[in-house]
Amino acid sequence: MKLKTVLMGAAAGVAMMTGATTATAEAHGEITVGYFLEWPMPFQFAKVNGTYDEALGMKVNWVSFDAGTAMSAAMASGDVQISVSQGVPPFVVAASAGQDLQILDVAVSYAENDNCVVASGLEIDKDSADELAGKKVAVPLGTAAHYGFLRQMEHFGVDLASLDIVDMAPPDGAAAIAQGSVDMACGWGGSLRRMKEYGNVLLTGAEKEELGILVFDVTSAPASFVAENPELVAKFLAVTAEANAAWNDGSGVEAMLPVIANDAGMDEDATAETMATFVFPSVDEQLSDAWLGAAAPAFMKGVADVFVESGSIDSALDSYAGNVNTGPLATLNDM
């Protein structure tokens, strides 16, 4: 099985690039922000309407990615300054490899929208999961879906060595299970919806949460960029928080939904269905012990330890508390 080889190669590449210089925003009058397509979120309404550009007083370029591991690499090279909705597992992989990244906020919680799907023809469910031995699985390594996959296989007692694990971004995994070239595929968002057309999940979001398999994304950035641009980062987070609040209280849903759907490359029904499974915590909730105050660093340590135990990465940090920077987010209450 080449799982460790592939993931460690990616981690090593990221570590080598951490010496790359991240250009300051002031030097160029613009920044580049990473995000995901088919992953609809309130911030996209502000993105489309130029609210970030106006608030920051500079041009914000947006680039889409297939996986959070690619976001880490782009931030390490200096090509991207901020990533919105990066999964915690790829963040942990990069941090464990020595990349000095920081979590700035909790972007979204989505236990129902990240999972693994078993091909219908196999007729395997949670009561017969041991029949997965010998099967071929598409997994985007180093992502939230990868972590969830590892924890589910641990729960069901399926030996990872018995599986043929192939590193595939979710869109490719969805295509593979549709073509019958893999027996199980893991992913999120639009890709997960397509996977479900050809199979079934083993555990629901609620069942995963009962096992301690949390699924949430963060806004992240290189520590050097945050240190050089604290006010800019705070303004960026403020725009995001305002969009989330308008969505959460329902006041902006009617105007926001069609714009978000178009920007995400989805129809409105699929967007509404997807976002109904999302939770966007308030600023106060994010700053509480339930999230960034205490739970997030502890959860990251748990993710890292699972990756080490599975042989996916060589080692974990003693603590990930230093990779959480609530400073810019905390200033929002004073704005």
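Structure shown above.
The text that follows walks through the structure, step by step, so that each part is easy to find.

About the cut-offs
Residues numbered from 1 in each chain as written. Predicted model: local features only at pLDDT ≥ 70, side-chain atom pairs only at ≥ 80, totals over all residues. Heavy atoms only, no water. Helix = DSSP H or I, 4+ residues; strand = E, 2+ residues; numbered from the N terminus. Polar contact = N/O pair within 3.5 Å; in protein donor to acceptor, adjacent residues only side chain to side chain. Contact = heavy atoms within 4.5 Å. Buried < 20%, exposed > 50% of the residue type's maximum accessible area, 1.4 Å probe, protein only. 1 Å grid on protein atoms, 1.4 Å probe; cavity = no way out; pocket = protein on both sides within 12 Å on 5 of 7 lines; lining within 4 Å. Points joined across faces, edges and corners; volume = space filled by probe spheres on them. Nonpolar A, V, L, I, M, F, W, Y, C, P; charged D, E, K, R; others polar. Axes fitted to C-alpha atoms, helices over the stretch in contact; angles between N-to-C directions. Parallel < 35°, antiparallel > 145°, perpendicular 65-115°, else oblique. Expected span 1.5 Å × (residues − 1). Pairing = 2+ DSSP bridges. Disulfide = S-S within 2.5 Å.

### Considering the side chain of Thr 271
Moving on, step 1. By secondary structure assignment, the location of Thr 271 is in helix H14 (residues 268–275).
Moving on, step 2. Engagement of the side chain of Thr 271 in a polar contact is seen with the backbone oxygen of Asp 267, the distance being 2.9 Å.
Moving on, step 3. Contacts of Thr 271, omitting those with residues within four sequence positions, involve Pro 40, Leu 257, Ile 260, Ala 261 and Met 266.

### Structural notes on unusual backbone geometry
Moving on, step 1. Look at Glu 38: it is not a glycine, yet its phi comes out positive at around 55°.
Moving on, step 2. Checked against the element boundaries, Glu 38 lands in the loop between strand S1 (30–36) and helix H3 (43–48).
Moving on, step 3. Exposure remark for Glu 38: the relative accessible area of 21% places this residue in the partly exposed category.
Moving on, step 4. Despite not being glycine, Glu 123 has its phi angle at roughly 55°, a positive value.
Moving on, step 5. In this fold, Glu 123 is placed in the loop between strand S5 (114–119) and strand S6 (136–139).

### Looking at the layout of surface pockets
Moving on, step 1. Estimated volume of the largest pocket: approximately 160 Å³.
Moving on, step 2. What lines the largest pocket is simply Leu 150, Met 153, Glu 154, Gly 157, Val 158, Leu 160, Val 306, Glu 309 and Ser 310.
Moving on, step 3. In the lining of the largest pocket, the residues fall into five nonpolar, two polar and two charged.

### Overview of the packing of helix H13 (residues 253–264) against H14
Moving on, step 1. It is the contact of H13 with H14, at a shortest axis distance of 9 Å, that shows an interaxial angle of 105°. In this view, H13 runs roughly perpendicular relative to H14, as classed from their interaxial angle. Where H13 approaches H14, its residues Leu 257, Pro 258, Ile 260 and Ala 261 are matched on the opposing element by Glu 268, Thr 271, Ala 272 and Met 275.
Moving on, step 2. Broken down by class, the residue content of the contact of H13 with H14 amounts to six nonpolar, one polar and one charged.

### Topic: helix H17 (residues 295–310)
Moving on, step 1. Along its 16 residues, H17 runs 23 Å from first to last C-alpha, staying within 8% of the 22 Å computed at 1.5 Å per residue.
Moving on, step 2. Along H17, the residues that are buried comprise Ala 296, Pro 297, Phe 299, Met 300, Val 303, Ala 304, Val 306 and Phe 307.
Moving on, step 3. On the buried face of H17, the contacting elements are helix H6 (88–96), strand S4 (101–109), helix H7 (144–156), strand S10 (216–222) and helix H16 (289–293).

### Here we look at the pairing of S1
Moving on, step 1. With respect to burial, S1 is a largely interior element, six of its seven residues being buried.
Moving on, step 2. Here seven bridges tie S1 to strand S2 (residues 59–65), and the two strands are oriented parallel to one another. Within S2, the position partnered with Gly 34 by the bridge is Val 63.

### Regarding helix H9 (residues 189–196)
Moving on, step 1. All buried positions along H9 are accounted for by Gly 189, Gly 190, Ser 191, Leu 192 and Met 195.
Moving on, step 2. Against the buried residues of H9 lie S5, helix H8 (170–179), strand S8 (184–188) and strand S9 (199–201).

### Structural notes on the state of the cysteines
Simply put, the disulfide is a covalent bond whose two ends are the sulfur atoms of two cysteines.
Moving on, step 1. Inspection of the entire model under this criterion finds one disulfide.
Moving on, step 2. The disulfide that involves Cys 116 links it to Cys 186, with 2.1 Å between the sulfurs. On the sign convention where negative is left-handed, the bridge of Cys 116 and Cys 186, at about 105° about the S-S bond, is right-handed. With Cys 116 in strand S5 and Cys 186 in strand S8, this pair connects stretches of sequence that are 70 residues apart. Cys 186 shares its class with Cys 116; the two are buried.

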